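# Tertiary structure, described
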Amino acid sequence: MACRQLWASRAASYLRISVFHRSFSTVLKDLKYADSHEWVKVNGNSATIGITDHAQDHLGDVVYVELPEVGATVTQGGSFGAVESVKATSDINSPVSGKVVEVNEELHSSPALVNSSPYENGWIIKVELSDNGEINNLMDSEKYSKFCEEEDSKH
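Let me begin by describing the structure that accompanies this report. (Residues numbered from 1 in each chain as written. Predicted model: local features only at pLDDT ≥ 70, side-chain atom pairs only at ≥ 80, totals over all residues. Heavy atoms only, no water.)

### Regarding the packing of aromatic side chains
Within the structure shown, the criterion is met by three aromatic pairs. Between tryptophan 39 and tyrosine 119, the aromatic rings sit 5.9 Å apart at their centres with planes inclined by 55°, giving tilted as the arrangement. One end of the pair, tryptophan 39, is in strand 2 (residues 38-43); the other, tyrosine 119, is in the loop between helix 4 (113-116) and strand 9 (125-129), with 80 residues separating them in the sequence. Each of the two residues, tryptophan 39 as well as tyrosine 119, counts as buried. Counting every residue linked through ring pairs, the aromatic cluster contains Tyr33, Tyr144 and Phe147. Above the plane of the ring of tryptophan 123 lies lysine 126, whose end atom (NZ or CZ) is 4.8 Å from the centre. (Phe/Tyr/Trp six-rings, centres within 6.5 Å; stacked < 30°, edge-to-face > 60°. Helix = DSSP H or I, 4+ residues; strand = E, 2+ residues; numbered from the N terminus. Buried < 20%, exposed > 50% of the residue type's maximum accessible area, 1.4 Å probe, protein only. Lys NZ or Arg CZ within 6 Å of the ring centre and 35° of its normal.)

This is the structure in structure tokens:
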């Protein structure tokens, strides 16, 4: 069944037709979300960032992840990298500001971790926060789920 859906999705993409995306993407309660579909998990002054299940679902099979350098500065809403899939290339925006203290090196050899485990093994960067108050600008799981439903209903 999954193979048939993958073939149908690729055929639709080739023919430039819309395909219905699943509406049951996973949203975790203990994370905060940006409207550009990145998640952040805050632990004290440290934050782990990745793209959401909703985003990876819409992108399709991820084939490359562009990572920033450790030590780089990221700003809330600013681009720090990109995700390339079989369908498109999309910028990754930071939901918070700070200094990159770690990047997920596993993504160089296994970019598909973003698809298979977006909230665990597919994390992208870890940041030392420069402004904890920025977390208040982000959505909780309930608001993000509603945001995704509304966004999907427009397409």
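### Considering the nonpolar core
Among the nonpolar cores identified, the biggest contains 26 residues, and Ile51, Val96, Ile124 and Ile125 are the most heavily contacted of them. For this core, the elements supplying multiple residues, two or more each, are strand 3 (46-51), helix 2 (53-59), strand 4 (62-66), strand 6 (79-85), strand 8 (98-103), helix 4 and strand 9. Contact partners of isoleucine 51, with chain neighbours within four places excluded, come to His37, Glu38, Trp39, Gln56, Leu59, Val83, Ile92, Val114, Pro118 and Ile124. Core analysis: the second largest hydrophobic core is formed by eight residues, Tyr119, Met139, Tyr144 and Cys148 among them. (Core = buried A, V, L, I, M, F, W, Y, C linked by side-chain atoms within 4.5 Å. Contact = heavy atoms within 4.5 Å.)

### Comments concerning the sheet that holds strand 7 (residues 89-93)
Taken together, the three strands give an open sheet; going across it, the order is 4-6-7, and neighbouring strands pair in antiparallel fashion. The strands lining the two open edges of the sheet, one partner per strand, are strand 4 and strand 7. Neighbouring strand axes in the sheet, compared pairwise and without regard to direction, differ in orientation by 25° on average. Summarising the sheet, strand 6 and strand 7 pair through five bridges and their orientation is antiparallel. In the sheet register, valine 83 faces strand 7, and the bridge partner there is serine 90. (Pairing = 2+ DSSP bridges. Axes fitted to C-alpha atoms, helices over the stretch in contact; angles between N-to-C directions.)

### Description of the pattern of salt bridges
One side chain can pair with another of opposite charge once the charged atoms of both are near each other. Throughout the structure, instances matching the rule amount to one salt bridge. Here lysine 41 and aspartate 30 are joined by a salt bridge, their closest N and O atoms 3.6 Å apart. Residue lysine 41 is located in strand 2, and its partner aspartate 30 is located in the loop between helix 1 (2-14) and strand 1 (32-33); the two are separated by eleven residues in the primary sequence. (Salt bridge = Lys/Arg side-chain N within 4 Å of Asp/Glu carboxyl O.)

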